[in-house]
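Residue-level structural notes
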Amino acid sequence: MTTLLVNILGLAAAAFIVWWFWLSKNLPEAKAGAGALDIIVDGGVYQPSVIRAAAGKPLRLRFLRKDKSPCAEKVIFSGLDVSAELPVGQPREVEFTPKSPGEYEFTCQMAMYRGKLIVEPGRE
Amino acid sequence: MKTASETTHRLHIKDMSCAGCVDTVQRTLSSVSGVKSAEVNFADKTATVTGEVSPDTLVSAVGGAGYTASVLKGEDSESEKESEEAELYRDLLKRTIISGVLAAFIVVVSMTGILPALDTAAGRLSWGAVSLLTLFVLIYGGGRFFKGALKSFRNHSANMDTLVAIGTGVAWAYSTFVVLFPGAVGDLAGHLYFETAAIIIALIDLGGALEMRARGKTSEAIKRLIGLKPRTARVVRGGAETDVPISEVVPGDVVRVRPGEKIPVDGVITDGSSQVDESMLTGEPMPAEKGAGDEVVGGTINKSGSFLFRATRVGEETALARIIEMVRKAQNSKPAIGRLADRVSGIFVPSVLLAAVFTLLAWFNFGPEPRLTYMLVTAIAVLIIACPCALGLATPISVMVGVGKAAEHGVLIRNGDALQQAGRLTAIVLDKTGTITQGRPVVTAVEPLGGTSEEDVLSLAAGLEAGSEHPLAEAVLEAAKIKGGAPREVTSFEAVSGHGVKAVYDGKTVLLGNRKLMVDNGVTLGEGEARLEELSRTGKTVVFLASGGALAGLIGISDPLKPDSKEAVERLKKMGLKVIMLTGDNRVTAGAVAKETGIDEFIAEVLPDGKSDEISKLRANGEIVGMVGDGINDAPALAGADVGFAIGSGTDVAIESADITLMRGSLHGVADAIKISNATVRNIKENLFGAFAYNTLAIPVAAGVLFPFTGMLLDPIIAGAAMALSSFTVVTNANRLRWFKP
């Protein structure tokens with residue numbers, strides 16, 4: 001009985017890990033508008049971590065790094081040639097205009113912090 | 001207290017000349033909507049404004065009040081960052097020491113049996129105290145892991161914090177449970193893991209402190225560049241020389257530089273001459289002679305004379321600021337080789353969590369007694385030994401050091417991909433003029449034909465070249481000036497791309513250009529052919545002059561080789577690279593220059609827009625091609641190559657145009673860049689291999705795969721030590737690059 005219970009619990013834990021970390025990624029999303037969009041850098045996550053923006057429109061992201069560990073010190077938008085160093089406790093604005101629609105990942109230099117910039121076709 | 005959306009901006013208020021202005025500016029800034037506080041400093045003419053407001057709004061508000069403001073950016077960000085890091089390091093070190101001492105104490109009391117057994121009240125009390133002490137170590141030394149783990153968990157994410165928090169948390173919670181309910185786990189009451197939890201935290205803190213210290217060294221190159229920024233300039237205003245903060249220098253200011261001083265901004269010398277040490281930017285050890293009309297670059301050092309120069313570029317526009325920006329950007333970029341690690345990092349921690357769960361189950365189902373002990377020891381070891389940091393750091397830390405190292409040698413690498421590609425090149429294509437040669441051609445032969453005089457030839461040629469910026473045109477104009485021929489006035493000027501120029505003089509069509517221009521326009525070359533052959537054989541570029549359809553003369557122009565071109569070509573060949581010269585010159589001239597430089601292969605008579613086609617052909621033949629050119633005329637060819645190298649003379653090079661910019665005019669820069677690239681990529685591979693191998697071997701060992709064969713199990717404390725050392729090792733390995741000599 002105990003054997004069965006422990007195995008079921010173990011498998012349930014494994015299933016939970018798969019579900020929680022990989023399948024049920026219901027991440028906070030934000031839409032970039034005309035003003036700066038605040039992104040908090042803390043505890044291994046960007047908040048919000050999914051950002052929607054329009055192609056061809058200037059995008060202003062304001063990162064506020066709270067995490068003191070050096071892992072959080074940079075934000076890199078791979079594929080967009082944009083990067084910035086984030087001072088602790090001081091907002092740092094990153095401004096650029098994403099040209100082509102698509103999904104771009106932004107990460108810390110070690111790719112532990114991860115976020116996604118979804119660039120949608122801009123409307124006239 | 002500042003809220004998340006508030007920002008602090010620093011403004012420079014230029015024309016604030018009296019203390020009364022301070023009030024006006026302060027009031028103006030404070031009245032802007034969103035501003036929470038504004039402080040104006042008269043001494044350094046700055047304003048510090050905090051609030052939910054954009055810097056542009058502040059600048060225009062100050063402008064409305066009649067002052068000129070500019071936003072101060074990042075001047076001190078590096079020193080701020082440095083002091084922040086130093087503080088963080090001191091804090092971590094303190095936590096390491098205190099946790100270490102307490103952990104050592106917990107080890108002693110746990111392992112030596114000096115505490116009474118758990119089945120007595122005194123025992124339970126003593127072990128309860130140990131539990132609390134351990135909890136203190138977990139919170140004080142490792143609180144950030146628990147906080148981070150919780151936060152990332154809430155966001156469906158997991159990182160190193162998660163592993164450390166679960167590993168040590170489980171060890172502590174289980175042991176505390178045993179202390180509280182000694183009967184609940186049967187015979188196992190004796191197995192407690194307080195020392196394990198405490199030691200792991202202390203070790204990981206130690207690893208973190210060591211890593212942080214080592215990381216500080218990886219950014220030395222950029223710190224050195226930032227350190228070159230001068231703080232003041234001696235500006236001549238109203239006839240008097242005054243020292244002003246660098247931020248107040250504007251283009252057009254005349255600046256005095258005395259011997260031994262740093263040149264504050266970019267500009268052009270107007271009076272005086274000197275030797276200038278530009279080695280900090282170009283890597284060129286010999287000081288450059290500078291006189292009136294020559295460009296000087298901010299951050300370089302005036303050696304001997306005193307001179308005045310007119311500022312042309314200030315602030316973020318200076319070459320130094322652009323170099324810093326480029327190096328910083330490149331240090332942040334990742335070569336393709338590192339992207340696999342990024343993908344793995346993304347799924348790494350949840351995979352380790354799964355591995356830990358399956359380890360528990362495997363020991364539960366198949367392990368010997370005491371099963372619970374084995375389950376705990378192995379699962380904790382799996383969680384603790386896994387090191388996502390080593391994997392994540394492997395590439396960026398080497399790129400950081402490699403790009404910095406290159407910058408020290410005057411080699412600016414645009415991004416990680418350029419860095420990686422440079423090491424894979426199989427062929428180097430060199431442009432001739434300005435790349436192999438000095439790019440300062442001089443007329444060395446004038447041969448009048450058909451009854452004209454030397455002066456006729458030069459003055460007519462000078463008239464045709466008067467408006468041109470072609471290097472050969474400059475040589476002709478210079479020669480005409482020396483030999484006394486005033487440029488003749490021509491009309492209907494027309495440039496024939498890649499061939500020369502055409503115009504009308506004295507009612508006749510005049511042509512100046514290469515052989516093809518003559519042939520295309522029906523000029524009979526006659527004896528000109530023989531003269532062409534003869535001049536070309538000595539490496540001269542020959543320009544024909546024709547008037548009214550008849551050949552009027554030849555001008556031979558030589559462009560001396562750079563002193564070290566031959567040696568650099570030899571070095572590139574020794575590195576196993578195919579070296580090819582590409583030039584618009586005729587075959588004979590090209591052959592002579594190639595021979596002199598030791599280049600076996602050359603492509604001559606290529607029109608400017610045909611250069612990129614030649615690159616494409618080489619690439620189609622399977623070569624990985626690096627193209628070296630001046631970055632302006634060769635821009636399409638540089639862009640078409642796998643790696644485009646822009647070679648500069650001094651610092652006037654167009655640093656935005658190429659994958660790799662060589663600040664020093666020497667071709668040795670190409671070899672240096674390739675060697676640094678090779679060393680960096682090798683370093684990244686070592687790091688990646690180390691990190692992958694470490695994780696793929698250590699995790700199964702920690703899970704106990706060796707146990708059935710050898711009876712070996714990994715103590716979680718050893719796992720903690722291994723993990724603490726692994727990322728330190730990666731950073732230390734990257735730091736080895738700092739000693740690399742190309």
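Refer to the structure presented above.
Computed from a predicted structure; not experimentally measured.

Reading guide: rules and limits
- Residues numbered from 1 in each chain as written.
- Chains lettered and ligands numbered in written order.
- Predicted model: local features only at pLDDT ≥ 70, side-chain atom pairs only at ≥ 80, totals over all residues.
- Heavy atoms only, no water.
- Helix = DSSP H or I, 4+ residues; strand = E, 2+ residues; numbered from the N terminus.
- Contact = heavy atoms within 4.5 Å.
- Salt bridge = Lys/Arg side-chain N within 4 Å of Asp/Glu carboxyl O.
- Buried < 20%, exposed > 50% of the residue type's maximum accessible area, 1.4 Å probe, protein only.
- Pairing = 2+ DSSP bridges.
- Axes fitted to C-alpha atoms, helices over the stretch in contact; angles between N-to-C directions.
- Disulfide = S-S within 2.5 Å.
- Parallel < 35°, antiparallel > 145°, perpendicular 65-115°, else oblique.
- Left-handed = near helix turned anticlockwise from the far one by under 90°.
- Nonpolar A, V, L, I, M, F, W, Y, C, P; charged D, E, K, R; others polar.
- Core = buried A, V, L, I, M, F, W, Y, C linked by side-chain atoms within 4.5 Å.

The next point concerns unusual backbone geometry. For the bond from Gln-47 of chain A to Pro-48 of chain A, the omega torsion is -5 degrees, close enough to zero to count as cis. You can see Pro-48 of chain A is positioned in the loop between strand S3 (45-47) and strand S4 (50-54). Here Glu-369 of chain B and Pro-370 of chain B are connected by a cis peptide whose omega angle stands at -10 degrees. For Pro-370 of chain B, the location among the structural elements is in the loop between helix H10 (339-366) and helix H11 (371-385). Look at Asp-506 of chain B: it is not a glycine, yet its phi comes out positive at around 55 degrees.

This brings us to the environment of Ala-381 of chain B. Mapped onto the fold, Ala-381 of chain B is located in helix H11. For Ala-381 of chain B, the residues in contact, after removing those within four places along its chain, are Ala-702, Leu-714, Pro-716 and Ala-719 of chain B.

Below, the discussion takes up the pattern of salt bridges. Evaluated as defined, the whole model comprises 41 salt bridges over all chains. For Glu-534 of chain B, the salt bridge identified is with Arg-531 of chain B, shortest N-O distance 2.7 Å. Linking Glu-534 of chain B with Arg-531 of chain B, this pair stays in helix H18 (residues 527-537), spanning three residues, or about one helical turn. Given a relative accessible area of 44%, Glu-534 of chain B falls into the partly exposed group. Where salt bridges share partners, they join Glu-29, Lys-31, Arg-52 and Glu-120 of chain A into one cluster.

Once that is clear, we can look at the sheet that holds strand S23 (residues 601-603) of chain B. All names here are of chain B. Strand order in the open sheet formed by seven strands is S14-S26-S25-S24-S15-S22-S23, with mixed pairing between adjacent strands. Here the strands that pair on one side only, and so sit at the sheet edges, are strand S14 (411-413) and S23. Adjacent strand axes in the sheet meet at a mean angle of 20 degrees when their direction is disregarded. The pairing of strand S15 (residues 427-431) with strand S22 (residues 578-582) spans five bridges and is classified as parallel. Note that in S22 the partner of Ala-427 across the bridge is Lys-578.

A word on the state of the cysteines. Using the criterion set out here, one finds zero disulfides over all chains in the structure. In this model Cys-387 of chain B remains outside any disulfide bridge; the closest cysteine sulfur is found in Cys-389 of chain B, 5.1 Å from its own.

So, on to the packing of H10 of chain B against helix H12 (residues 388-408) of chain B. Residues and elements named next belong to chain B. Direction vectors running N to C along H10 and H12 enclose 165 degrees, while the axes themselves pass 9 Å from each other. It follows from the interaxial angle that H10 and H12 lie roughly antiparallel. The element H10 and its partner H12 pack so that their crossing is left-handed. For the pair H10 and H12, the contacting residues are Ala-341, Val-344, Ser-345, Phe-348 and Val-349 in the first and Pro-388, Leu-391 and Gly-392 in the second. Split by residue class, the contact of H10 with H12 holds six nonpolar, two polar and no charged.

A word on the nonpolar core. Soluble, globular proteins show a tendency: their nonpolar side chains are buried together. If you look at the biggest cluster of nonpolar residues, it comprises 101 residues, and the most contacted ones within it are Tyr-46, Leu-61, Phe-63, Phe-77, Phe-96 and Leu-117 of chain A. The dominant element in this core, judged by the number of residues it contributes, is helix H6 (residues 194-218) of chain B, at nine residues. Not counting chain neighbours up to four residues away, the residues in contact with Leu-61 of chain A comprise Leu-37, Ile-39, Ile-51, Phe-77, Arg-92, Glu-93, Val-94 and Phe-96 of chain A. Core analysis: the second largest hydrophobic core is formed by 60 residues, Ala-394, Ala-568, Leu-572 and Leu-667 of chain B among them.

What follows is about the packing of helix H1 (residues 2-23) of chain A against H10 of chain B. The interhelical angle for the contact between H1 of chain A and H10 of chain B, taken along N-to-C directions, is 175 degrees, at an axis separation of 10 Å. As the angle between them shows, H1 of chain A and H10 of chain B are arranged roughly antiparallel. Only Gly-346, Ile-347, Pro-350, Ser-351, Leu-353, Leu-354, Val-357, Phe-358, Leu-361, Phe-364 and Asn-365 of chain B of H10 of chain B make contact with H1 of chain A, whose side of the interface consists of Thr-2, Thr-3, Val-6, Asn-7, Gly-10, Leu-11, Ala-13, Ala-14, Ile-17, Val-18, Phe-21 and Trp-22 of chain A. Taken together, the residues of the contact of H1 of chain A with H10 of chain B sort by class into 16 nonpolar, seven polar and no charged.

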